[in-house]
Amino acid sequence: MRFDEAAERLGLDDGIRKVLRSPAMEVTVNIPVVLDDGRVEVFTGYRVQHSIARGPAKGGIRFAPDVSLDEMRALASWMTWKCAVANIPFGGAKGGVICDPAILSDGELERITRRYTAEILDFIGPERDVPAPDVSTNEQTMAWIMDTYSMHKRHTVTAVVTGKPLTLGGSRGRREATGRGCLFVALQALKKFGMKPEETRVIVQGLGNVGGTAARLMQGAGFKIIGIIEYDGAVLNQNGLDVTALARHRTETGSILGFSEGEDADRDEAFLMPCDVLVPAARENVITSANAGRIQAKILCEGANGPTTSAADAILAENRVFVIPDILANTGGVTVSYFEWVQDRQGYFWNEKLVNTRLEEIMIESFEDVISYAAKHHVHNRTAAYMLALDRVASAIKLRGLYA
Ligand code: GLU
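Keep in mind the model is a prediction, meaning the values are calculated, not measured.

Draft legend 1. Quick peek at the pattern of salt bridges. Taken as a whole, this structure holds 30 salt bridges when the rule is applied. In this structure, K94 and D134 form a salt bridge, with 2.8 Å as the shortest nitrogen-oxygen distance. In this pair, K94 is assigned in strand β4 (residues 92-98) and D134 in the loop between β5 (129-133) and α5 (139-153), connecting sequence segments 40 residues apart. D134 matches K94 in its accessibility class, with the two residues each being buried. With a shortest N-O distance of 3.0 Å, E127 and R345 are connected by a salt bridge. Pair noted here: E127 is in the loop between α4 (106-120) and β5 and R345 is in helix α12 (residues 332-346), with a separation of 218 residues, a long-range link. The class of E127 is exposed, set by a relative accessible area of 61%. A relative accessible area of 43% places R345 in the partly exposed class.

Draft legend 2. Summary view of the pairing of strand β1 (residues 25-34). Alternating residues of β1 divide into M25, V27, V29, I31 and V33, all buried, and E26, T28, N30, P32 and V34, none buried. Relative to strand β2 (residues 40-51), β1 runs antiparallel, the two being bridged by 10 bridges. Pairing of P32 across the sheet is with V42, part of β2.

Draft legend 3. The arrangement of the sheet that holds β5 in detail. The strand order across the open sheet built from five strands is β1-β2-β4-β3-β5, with neighbouring strands paired in mixed fashion. Of all the strands in the sheet, the pair left with one neighbour each is β1 and β5. Pairwise comparison of adjacent strand axes, ignoring direction, gives a mean angle of 20° for this sheet.

Draft legend 4. Expanded view of the packing of aromatic side chains. The final tally for this structure, using the stated rule, is eight aromatic pairs. With centroids separated by 6.0 Å and ring planes inclined at 40°, the aromatic side chains of F3 and W81 adopt a geometry described as tilted. Note that F3 is positioned in helix α1 (residues 2-10) and W81 in helix α3 (residues 69-85), a separation of 78 residues in sequence. W81 shares its class with F3; the two are buried. Taking 5.8 Å as the distance between ring centres and 90° as the angle between the ring planes, the aromatic pair formed by F90 and Y338 counts as edge-to-face. With a gap of 248 residues between them, F90 in the loop between α3 and β4 and Y338 in helix α12 connect regions that are remote in the sequence. Of the residues examined, F90 reaches a relative accessible area of 0% and is grouped as buried. Sitting over the ring of W341, R345 keeps its end group 4.1 Å from the ring centre. Sitting above the plane of the W350 ring, R358 keeps its charged end 4.6 Å from the centroid.

What counts and what doesn't
- Residues numbered from 1 in each chain as written.
- Predicted model: local features only at pLDDT ≥ 70, side-chain atom pairs only at ≥ 80, totals over all residues.
- Heavy atoms only, no water.
- Salt bridge = Lys/Arg side-chain N within 4 Å of Asp/Glu carboxyl O.
- Helix = DSSP H or I, 4+ residues; strand = E, 2+ residues; numbered from the N terminus.
- Buried < 20%, exposed > 50% of the residue type's maximum accessible area, 1.4 Å probe, protein only.
- Pairing = 2+ DSSP bridges.
- Axes fitted to C-alpha atoms, helices over the stretch in contact; angles between N-to-C directions.
- Phe/Tyr/Trp six-rings, centres within 6.5 Å; stacked < 30°, edge-to-face > 60°.
- Lys NZ or Arg CZ within 6 Å of the ring centre and 35° of its normal.

Function cannot be inferred from these measures alone, as they are strictly geometric.
So this is what it looks like as structure tokens:
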């Protein structure tokens with residue numbers, strides 16, 4: 001729907017729309033793996049490359065019980081749009097294995113990862129398709145992929161994946177990059193409204209890698225974090241929460257609830273509290289037609305992929321909520337993945353300050369690109385981000401022409 005609206009407004013011809021709608025390549029692999037108890041289990045995995053028009057395909061690999069080919073297709077195209085909005089030279093891809101990491105041992109996960117990598121080996125590579133971490137995969141998973149790929153190539157190829165451990169060609173600042181990117185775009189939005197961080201009240205949903213980092217860095221930049229929402233409830237404090245202390249409390253007790261420097265609250269109610277910036281940074285579809293009308297935030301900064309439904313978009317627009325859409329707000333991760341790939345290929349590593357400065361430049365530039373596109377075409381930010389992305393990818397396809 002968002003794709004269609006953007007394509008319509010851009011006046012893209014039918015042929016280009018068909019190309020942009022169809023993933024360029026899809027592989028399904030059935031991976032036999034010996035479990036710890038000696039049984040053999042077969043796991044199904046996918047890798048979908050949506051587009052390579054602007055460069056190698058790029059995107060994460062997730063391990064989850066509900067992974068499906070359709071979901072991979074949707075997420076792969078999402079990556080194409082994200083890379084285009086950030087204007088980094090990648091297309092989009094996504095991969096996954098249907099499995100439940102919660103019941104698998106490290107050894108089993110390693111064997112699944114290595115066999116999956118071996119099966120998709122011909123389709124990935126620094127010039128072709130560069131995986132990264134996603135749901136339930138991490139630096140260790142990337143190290144196994146890099147090692148398996150390198151063993152087959154007979155030499156070490158660090159640039160085949162990003163999000164690796166620092167000692168294996170990872171980039172400084174990669175782990176915090178998505179949350180840091182959210183901070184940079186939020187600061188940019190404040191400038192538009194003439195607001196100062198010290199006067200800005202923020203509610204963050206999710207204390208994981210994205211939300212936890214965004215909350216901590218925003219607090220460091222002077223914002224008042226008045227609420228944190230997790231799956232089992234929320235914690236509020238109008239004078240500002242100490243995010244690091246709250247994270248420590250959660251590690252110790254298993255929940256954010258019962259924090260001595262805050263009040264427990266209902267999860268759904270906390271979304272509707274008065275605040276200036278709301279950062280949904282956990283699951284999809286949390287802002288829907290059921291709650292969008294009661295959201296009081298001035299700015300919605302989408303740290304997660306797809307937190308807002310299309311029906312909610314219209315309500316937020318009517319209520320003049322300034323939306324920093326996911327394909328802009330959460331591009332910090334893939335942007336520093338791009339830096340990691342560049343550093344690996346050069347064999348020359350940057351210090352964290354340089355990584356963060358360059359991330360800031362790209363986040364500010366893509367924010368301004370989207371905002372000016374919205375003003376020029378009289379559309380909301382999300383439509384503008386999609387139009388900008390589609391325009392960039394469609395131009396690349398047109399310039400390359402079709403090989404026949
Ligand atoms: N999985 C992350 C995302 O959805 C990162 C992708 C990457 O770094 O390539 O943006």
